[in-house]
Every structure is written in structure tokens, then in C-alpha cells.
Amino acid sequence: MSDTPLHLGVSLDGAGRHPAAWREPGARPDELFTAGYWADLVAEAEHGLLDLVTIDDSLGLQSADPFAADDRVDQVRGRLDASMLAARIAPLTAHIGILPTVVVTHTEPFHVSTTIATIDYVSSGRAGVQVRVAARPDDAALLGRRTFPADRDALLRELFDEAADAVEVIRRLWDSWEDDAIVRDGATGRFVDRERLHYIDFEGPRFSVRGPSITPRPPQGQPVVAALAHRAEPFALVGTSCDIGFVTPRDAADARGIVAAIREAQAGAGREAETVHVWADLTVVLDDDAAAARDRLARLDATDPCTDDARVVAGTPAELADLLVELGEAGLTGFRLRPAVLPDDLRHITRGLVPELQRRGLFRTAYEATTLRGHLGLPRPADRYATADTAGSHS
Amino acid sequence: MSRRQMHLAAHFPGVNNTTVWSEPESGSQIEFASFAHMARTAERAKFDFIFLAEGLRLREQNGAIYDLDVVGRPDNATILAAVAAVTDRLGLAATISSTFNEPYEVARRLASIDHLSGGRAAWNVVTSWDKFTGENFRRGGYLAQGDRYLRAKQFLDTVMTLVDSWRGDEIVADKATGEFLRDAGAGRFDVAVDQFDIRGRFSVPRSPQGRPVVLQAGDSDEGREFAAASADAIFTRHGSLEAGQAFYTDVKRRLAAYGRSEDQLKILPATTFALGDTQAEAEERGRRIRRQQVSGQTALRFLEQVWNRDLSHLDPDGPLPEIDPLVVDADSPRVSQGRAADRMYRDPLATAKEWRERAAAGNLSIRDLMTEVTSRQSFVGTPLGIAEQMERFVEQRASDGFILVPHITPGGLDDFADRVVPILQERGSFRADYTGTTLRDHLGLAPLDARSVV
Ligand SMILES: Cc1cc2nc3c(=O)[nH]c(=O)nc-3n(C[C@H](O)[C@H](O)[C@H](O)COP(=O)(O)O)c2cc1C
């Protein structure tokens, strides 16, 4: 493993992953709703040559309770729509991949597809999407079109099945225009060759979508689809439908089990030949001095304890690099780091961890590709609707 | 003499035959560089806003996707969020359907764009409602004719309730005391009307404009009433001075009933133009553009839209068909689907009669006639001549300004910005520079608390 380079991304959310992050001296909690704040963060991530940033989102207001709304006033509340933010930031960067989080429960797969395609255009091929479900009844009440079954396991099965259908629709719509559908043929007067536009005719229990998209095939063909996965249903979603799964192993043994579950789902979907990345999420508190990092985490936790779904790591960049190598041997292909405090821990990643990994020959020293798929080693895929007849007839 | 000020907006070239795609200078309709180019031109010319139309299903005619016009567009809100990154003052107006979305999502997007642009977001509320487009969406699309403005009104009111759910002073973010929010109920809303039954807390804090600027496009009596009650501007298609004046008078007189003054609703017709160094040159150019816009095939397709029949066997250089238009009720599928204009010819038999008389009088072929009855430029002339015509419209109360629809992407506004705008500025009928930062400022709209903010 040690000569296989690692992939690295960061997850950006508010003032940082830690609930007490906004109270740190370097935090900018009164700028969370300005473009400048996010532009600075993404520029810093790009400075560190990271593969991608993800931008967190949810339908409703944040809550410390994962199953219900709360009325706390001592944590960051309020967030911008992540897709709008991604589009706003994309023209200011040149290399880094940008993945807004998008809820696919309640929302229209058609709009999600054109939104992400548009971000792909705006970024010249650097868009992706982290799909998520919204299982809370208070989220459903914001849209008011659906009531949920009481049994939580049944609900999650239903929502992840629906998410897989949504991704299928989103992907078919991206392919619904062949790359060379626009012909601008003066001789026949046709702008577009309708033989290269395709109905997608998806029919599922929650929605049917006819197509084609209103947006031509995006620069990457298929922008990158990712999902955060903690249990069997989302492992299956990653295996069948995604390019990256973000997972939350406790340790290397746990990571092995998760990777195996995803690989099994991938094989079950007939995708053995495709690259599906499995990255571990880690919340990080970093300092050049290990004790200082641990003290800082203790101080943050004393203010407001962090109950994180991902493993929380406090230490030096070198210690973190050791851990990434160890976990990498369990079959993970990369990591999405959640800076506990923004911008502090992001800077420790870009200016501490990245040089450390570069010294070990484990991370790129310059961007080598121009698209997000390129950074991830994913080829530009053929269009599923292209026939031998239409594909390549332009060349 | 101080002249009446006009408002100007740029319509990004759309997906109908107004946009000429066959010229050497015709560029991409989808690459971001094209949007950035036109937005920068509009901002250089101190325009109020850039405007994007929306269509959520590719148009079809005679059962096949329509292939003669430019087709393929981005998601409006998303592309405008990106345009915010390459402009500083220009308003950003997205057409977003009130049928194929939910208020919570639209409110989040608009409030987010408003934050990310420093107060420049606008929403053109359209009520398109056909089953055909509904086939792309979960909710389907069908709304009875009478229900769509009810839904639009409730949709708009709900979006405003959502963005008003934060007053603007809730975020304290005091690191020392640990108080982030002053108010544990920030963003709380509860809406129970017949189209929407939603409650909870809205997730986007109050944006710089508070509410997005609201535009409306729709021409029926209900559409006009909806605009009078709720919109800040109307996008219209009334071309002539007289038609414009009639529309202007009709809409402005509706405002009093809602306690609104005449300057709170701007009337902005879609406007095309052909510029030349001399009047003769401009007219020649105008004729050439119209010839490009109405090819023989396009002329037949237009005729089919009114006749509601497949007429592809006809010769566009020949006469109108003997057969009459096929009249169907408003909700039945038509030969052409996915066009807002399909319902423009409300009385096809009368239109056919009028066109036959016109063709007979002028000995016109199908293509000649279609070139005459569609897509005539609003203004044809020298830069000074066009400036004078525009001022006349504004001074004689046919409009409060214009939404310019260039025929070339993305450079179709460059000449206008470079040659007409300086004349308007010199004559004092258009701003020499922005005086405010938000779109509400540019449009001179009343401060929000004068309206119904809770
Ligand atoms: C000038 C103008 C522009 C319009 N632009 C759009 C558009 O971009 N997208 C859309 O779906 N409908 C558009 N419409 C359609 C209207 O929203 C509405 O559905 C249609 O005009 C029928 O409403 P009415 O009966 O009130 O005229 C437009 C209408 C007008 C008059």
C-alpha cells in the first residue's frame, strides 16, 4: 500500500466539525453566510492540492439531536444551500473538486441532475454530489408532501432504495444527451441531432421521469457521486450507485469489514471493473505539538462535547499520517478529513499533513489532472445511450 | 430637462428562433464563459439585471424533439450563483416555476443567492403547468387552468413567509458568552393553506435584500392581477407603443386596490433590436436577421403551432393551406408541446382568417407571412434613433424600461452596451453608474418594511 498515493478531501461545514469550533479565536462565525468565507476555505484546500471539498447541507436547521429538531442557541444555526455555494465558489478555483451535499428524499431528481451538471459546467469538470437521505419527520414537515412509517428500519430501507433510484435518474439524465448531440448543421437547419437525445423513461415507486435532461451532457460525462455510509443500506447504495463512499470505521479491522461489505455490493451490481473509492471520514484536531492538539480537543469538548459519528483524532500531522497509512492497509483508498475548527485545522491539513505525506511519497506534489474524475483516477465514461452508430460518428 | 429614468435588463439568449445559431459569431449557449461574457457586458453598461428564462422539458413538435432552435440550458439558480462570482452589482433574475418546485427549496435557493451576491437575487415566477413537463417530476404537473395562479399566489406568499421568518438580528455569534442565536425560535414558520401544509424552521438567515425581487411573466387577467398584488416587475411581450400603453394603463390601475403606488411595479417588455450606422443599414440588417430567424422549416413549424396539425408536407414558399386549424380544448395535447407560447393564439380560427387576408393582400408565401407576424425587431435604427425610440416608450408610459433580447450568444449585447447606452446616459435617461448595491436599489423599490413584513 505504501507506494499507492492516497486521496484526500475535506468536509466543510459552518465553523468546523466541532460544535464549539465557532468560539475559537480564529473562527469567523459572523461570516458564515458570506461568499468570502467559503472562497477562502476552498482556496486553502486547493493550495493543499486536495482532491475535493464537500460542503455539508441538510433541509432543515442544524440540530444537536440526530433524530429531531432542537432549540439550542449556543451552536451554529443556519446554513446556505450547498449547491448555490458550490456554484458561487467554482469559478474562483481551477483544480479542486467540489461536492455539495444534496438531499434526495423529497426533492426532484431532475433538478438535482441539472444542478450538478451546471456546477460541472461552471467548474469545467470538477463537480460531484454527496447524496443523502432526510429521515427526520421534522424535515418531511418542511416540504409537507409525505408522512413516514413509524418503524425506523423500514423507513431507512425505503429511503435508501429511493436514493438509489434518484441516483439512477440523475445519472441517466446526465447521459441523455450524447456528447455530440449539438450539431449546428447549417445544411439541414438542425441545431441538435434528436437521434442523440434520449428519453430515460425511469419508473419507480416514488417517481417516474421521462427525460431527456434540459442540460447537455456535463464536461465529465458523469460527475462524481458520493455518499456517507454507516450501515448496510448505504453500503449497498455506495456499491451499486456511487463513485466514493465516505465511511466511519473505528479502526483498521472495522475498516476491513466495511470495505468488504461495499465490495460485495459492488460485485453484486456487476461493477467489479469500475473504481469505487472507499474513504474513511476522520474528524481532526491538529497541532505541531501533540500535547497542544490534545489539550485543544479537551478544551473544545469542555465547552461543548463533540458526539461525532466519525473517529476523532487529535495529534500532530505526522501522527495522523501514520494513522492514514495504517488504515490505508485495510483497503481504504483515501480519507475525508473533517477539520474540527475552521480555518485552523484546515491549515494544519494543507500546510502540515500534506507536506508530511508528500515527504513520504504518498501524496501528489502538483495537480496532474484537470477534472475531479481525473484526480480520482476515474476515466471519462462512455455514454450509456450511445450506439456504435452514433458514438464516434463525429470523429 | 431631467428625463424619466428607464430600467434595462439583459435576457440571456433563449431556446427559440430569436437566437440565431448559424452565424460565425454564434457561441456556446451552455459554457459558463458565455454567461460570464453577457453578464459582464450588462454590468459594464450598468444594467439592472440579467434574466434567464426556463423550460423544464425539451420542446416537441409532431411527436419528436424540436431540433431547429438552440436547445440545452443550465439550471437557472445554479448558473446565477456562479455569475455572482464574476459580477459585483448586476441583479440576477432566475425564472423558476411555481409548479415543479416546493416553496421551501425555492426560498432556500433564492435566499442563498441573495447572500452570495450581496443582495442581487430576483425570481421570475412562472406558472407553467402542463402534464407534458410534469412527466419529468415527482409531483407530475397537472393543474387546472384556474388553479395555477392560486398555487402561484400561495407559493409566492409561502416563500415570502419563509424568508421573513428571520428578522435579521438573531445571530449574535458572541464567542465570549457562547450565545450564537439571540432567539431560539429564529426561522420558525407554520403555513396551512390549500396548496401547502408545512411547518418547522427555515434554515437560511435573513439575506441582504430580505426578500428577492419578484418578477412575473404571464398575460391573462389573472396573471396581471397576480402581478399587481405581488410582483416588483412584469416581463411582457407587448411590442408596439399603443399595445404597451394599453397594458401599462391596465396593470398600473390595478395597483391601488393592493395599497401599492404605480412606481412599485415596473413594466419591462421583451425587446429586440437591429442597430446600424444609418437607418437604411439598420433596416437591411433587421431584414437579414429576420430571414435567419425564420427559415422555411421554422415557418412551417410556426404555422403548425397555430394550425395544430402536421403541415410538414407544405412548401414554405407556397401559399397557406386551405384546411382550417384544428381547435382543441385548452387541456388537450397539441401538435407542439412545451412552449409557453402554445397558448398565445387563443383563437386560432380568427388568427387563420387574419393571416389569410394578410397573405392575400400582400401575395405572401408561408415564410414571408411568418417572417412578418413573428419576431419583428422592436427597435430598428441608429444608436441615436434607438435611444430616442426607447425614451419615447418610457416617457409616453408604454413601459418603465426594457428586457433586451439579443439574437447572438454571447456577444449580442456588446454593440448595444457600447453604442446605445452611452447616448442614453448622456441624455440623462439611464444611470451613468450604480448608486446602490442591491437590485432593489437599482429598481428604486420601496424599502421592505413599507410592505407586509411581519
Ligand atoms: C414574457 C413572458 C415570458 C415567459 N417566460 C416563461 C419562461 O421562461 N418559462 C416558463 O415556464 N413560462 C414562461 N412564461 C409563461 C407564463 O409563466 C405563463 O405560464 C403563461 O404566460 C400563461 O399564463 P397567462 O395565462 O397568465 O398568460 C412566460 C410568459 C410571458 C408572457
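Residues numbered from 1 in each chain as written. Chains lettered and ligands numbered in written order. Predicted model: local features only at pLDDT ≥ 70, side-chain atom pairs only at ≥ 80, totals over all residues. Heavy atoms only, no water.

Draft legend 1. The arrangement of the overall build of chain B in detail. Within chain B, the regular secondary structure consists of 14 helices and 17 strands. Reported as C-alpha extents along the three principal axes, the dimensions of chain B are approximately 80 × 50 × 45 Å. Put simply, chain B has 454 residues, and 61% of those count as buried. When contacts within chain B are restricted to residue pairs at least 6 apart in sequence, those whose partners lie at least 24 apart make up 76%. Here chain B has roughly 16,700 Å² of accessible surface; of this, 48% comes from carbon and sulfur atoms. Distance between charge centroids for chain B: 2 Å, based on 56 positive and 65 negative side chains. (Helix = DSSP H or I, 4+ residues; strand = E, 2+ residues; numbered from the N terminus. Buried < 20%, exposed > 50% of the residue type's maximum accessible area, 1.4 Å probe, protein only. Contact = heavy atoms within 4.5 Å. Areas by Shrake-Rupley, 256 points an atom, 1.4 Å probe, with all protein chains shown as cover. Lys, Arg positive; Asp, Glu negative; His and termini not counted. Charge placed at Lys NZ, Arg CZ, Asp CG, Glu CD.)

Draft legend 2. Up close: unusual backbone geometry. All names here are of chain A. Of the consecutive residues Gly211 and Pro212, the connecting peptide bond is found in the cis state with omega at -10 degrees. Structurally, the position occupied by Pro212 is in the loop between strand E8 (208-209) and strand E9 (224-229). Despite not being glycine, Ser124 has its phi angle at roughly 50 degrees, a positive value. The residue Ser124 is located in the loop between helix H3 (109-122) and strand E4 (128-132) in this model. Residue classification places Ser124 among the exposed residues on the basis of a relative accessible area of 52%. With a phi angle near 45 degrees, Arg184 is a residue other than glycine that sits in the positive phi range.

Draft legend 3. Structural view of the pattern of salt bridges. All names here are of chain A. Counting across every chain of the model gives 80 salt bridges over all chains. For Asp383, the salt bridge is made with Arg217, and the minimal N-O distance between the two is 3.5 Å. Placement of Asp383 in the segment after helix H11 (372-375) and of Arg217 in the loop between E8 and E9 is noted, with a sequence separation of 166 residues between them. By relative accessible area, Arg217 is classed as buried at 5%. We note a salt bridge from Asp309 to Arg338, for which the minimum N-O separation is 2.6 Å. Taken together, the residues Asp309 in the loop between helix H8 (290-303) and strand E12 (311-315) and Arg338 in strand E13 (residues 334-339) connect sequence positions 29 residues apart. Each of Glu168, Arg172, Asp175, Asp179, Arg217, Arg380, Asp383 and Arg384 takes part in one network of salt bridges that share partners. (Salt bridge = Lys/Arg side-chain N within 4 Å of Asp/Glu carboxyl O.)

Draft legend 4. Inspection of the site of the ligand at higher detail. Residues and elements named next belong to chain B. Lining the immediate surroundings of the ligand are 18 residues, of which Glu54, Tyr149, Ala217, Asp219 and Ser220 lie closest. The contact in question runs from an oxygen atom of the ligand to an N or O atom on the backbone of Ala217, over 2.9 Å. Relative to its unbound accessible surface of 610 Å², the ligand loses 90% to contact with the protein. Sorting the residues of the shell around the ligand by element identifies helix H5 (145-163) and strand E12 (233-236) as the ones contributing at least two each. Split by residue class, the shell around the ligand holds 6 nonpolar, 7 polar and 5 charged. (Near = heavy atom within 4 Å. Polar contact = N/O pair within 3.5 Å; in protein donor to acceptor, adjacent residues only side chain to side chain. Nonpolar A, V, L, I, M, F, W, Y, C, P; charged D, E, K, R; others polar.)

Draft legend 5. A look at the sheet that holds strand E4 (residues 64-65) of chain B. Residues and elements named next belong to chain B. Spatially, E4-E3-E15 is the arrangement adopted by the 3 strands of the open sheet, whose pairing is antiparallel. Of all the strands in the sheet, the pair left with one neighbour each is E4 and strand E15 (336-337). Pairing of strand E3 (residues 60-61) with E15 involves 2 bridges; the strand directions are antiparallel. Directly across from Gln61, in E15, lies its bridge partner Ser336. (Pairing = 2+ DSSP bridges.)

Draft legend 6. Broad picture of the packing of helix H1 (residues 32-44) of chain B against helix H2 (residues 76-83) of chain B. All names here are of chain B. Where H1 meets H2, the closest approach of the two axes is 10 Å, and the angle between their N-to-C directions is 60 degrees. When the interaxial angle is binned, H1 and H2 end up oblique. The handedness of the crossing between H1 and H2 is right-handed. Between H1 and H2, the contacting residues are Phe32, Phe35 and Ala39 on the first element and Ile79, Ala82 and Val83 on the second. In terms of residue class, the contact of H1 with H2 is built from 6 nonpolar, no polar and no charged. (Axes fitted to C-alpha atoms, helices over the stretch in contact; angles between N-to-C directions. Parallel < 35°, antiparallel > 145°, perpendicular 65-115°, else oblique. Left-handed = near helix turned anticlockwise from the far one by under 90°.)

Draft legend 7. Geometry of the nonpolar core. Residue and element names in this part refer to chain B. Counting 215 residues, the largest nonpolar core has Leu8, Phe47 and Phe416 as its most contacted members. Apart from residues lying up to four places away in sequence, Leu8 is in contact with Phe47, Asp48, Phe49, Met390, Phe402, Leu404, Phe416, Val421, Leu424 and Phe430. One finds Leu303, Leu314, Leu320 and Leu369 within the second-largest nonpolar core, a separate group that totals 17 residues. (Core = buried A, V, L, I, M, F, W, Y, C linked by side-chain atoms within 4.5 Å.)

Draft legend 8. Seen up close, helix H7 (residues 252-268) of chain A. All names here are of chain A. Over its 17 residues, H7 runs 24 Å from end to end, which matches the ideal 24 Å to within 8%, given 1.5 Å per residue. The inward-facing, buried residues of H7 abut helix H6 (232-241), strand E10 (244-247), strand E11 (277-286) and helix H9 (317-328). If you check the start of H7, you find a side-chain oxygen 3.2 Å away from the backbone N of Ala253, and it comes from Asp251. Immediately downstream of H7, the backbone of Gly270 shows phi near 70 degrees, a positive value. (Expected span 1.5 Å × (residues − 1).)

Draft legend 9. Representation of the environment of Asp130 of chain B within the structure. Residue and element names in this part refer to chain B. Structurally, Asp130 is set in the loop between strand E6 (121-126) and helix H4 (131-134). For Asp130, a relative accessible area of 14% gives the class buried. When the C-alpha positions of Asp130 and Pro333 are compared, they lie 9.1 Å apart, and in sequence the two are 203 residues distant. In this structure the side chain of Asp130 is engaged in a polar contact, spanning 2.7 Å, whose partner is the side chain of Thr133.

Draft legend 10. Region of interest: H6 of chain A. Along H6 of chain A, 7 of the 10 residues are buried, which leaves the element largely enclosed by surrounding structure. Check the buried side of H6 of chain A and you find it contacts E4, helix H5 (152-175), E9, E10 and H7 of chain A.

Draft legend 11. How the structure looks around empty space enclosed by the protein. Enumeration over the complete set of coordinates arrives at 8 cavities of 30 Å³ or more. Elements with a minimum of two residues in the lining of the largest cavity: strand E3 (97-103) and H3 of chain A together with H2 and helix H3 (103-116) of chain B. Residues of the lining of the largest cavity, tallied by class, amount to 8 nonpolar, 8 polar and 8 charged. (1 Å grid on protein atoms, 1.4 Å probe; cavity = no way out; pocket = protein on both sides within 12 Å on 5 of 7 lines; lining within 4 Å. Points joined across faces, edges and corners; volume = space filled by probe spheres on them.)

Draft legend 12. A look at the side chain of Glu43 of chain B. Tracing the backbone through its elements, the reader meets Glu43 of chain B in helix H1. Lacking a salt bridge, the buried Glu43 of chain B has Arg120 of chain B as its closest oppositely charged neighbour, with an N-O distance of 4.5 Å.

Draft legend 13. Quick peek at the sheet that holds E6 of chain B. Residues and elements named next belong to chain B. Reading around the circumference, E1-E2-E5-E6-E11-E12-E13-E17 is the order of the 8 strands in this closed barrel, with parallel pairing throughout. Averaged over all adjacent pairs, the angle separating strand axes in this sheet is 30 degrees, with direction ignored. Taken together, the 3 bridges between strand E1 (residues 7-11) and strand E2 (residues 49-52) define a ladder with parallel strand orientation. Note that in E2 the partner of Ala9 across the bridge is Phe49.

Draft legend 14. Expanded view of the environment of Asn76 of chain B. Structurally, Asn76 of chain B is set in helix H2. With sequence-adjacent residues up to four places away left out, Asn76 of chain B is seen in contact with Leu52, Ala53, Glu54, Ala94 and Thr95 of chain B.

Draft legend 15. Inspection of the interface of chain A and chain B at higher detail. Each side of the interface is counted separately: chain A has 80 residues, and chain B has 73 residues. It is Met84, Phe191 and Ile214 of chain A that lose the most area in chain A upon contact with chain B, and together they represent 11% of the buried surface on that side. Linking chain A with chain B are 6 salt bridges, by the criterion used here. We note a salt bridge from Arg194 of chain A to Asp67 of chain B, for which the minimum N-O separation is 3.4 Å. Applying the counting rule to chain A against chain B returns 36 residue pairs in polar contact (both at pLDDT 80 or more). If you list the elements that add at least two residues to the side of chain A that touches chain B, you get helix H2 (82-89), H3, helix H4 (137-143), strand E5 (182-185), strand E6 (190-192) and E8 of chain A. Sorting elements by how many residues they give to the side of chain A that touches chain B places H3 of chain A first, with 9 residues. Along the lines of polarity and charge, the residues of the side of chain A that touches chain B split into 37 nonpolar, 20 polar and 23 charged. (Buried area = accessible area lost by both parts, 1.4 Å probe.)

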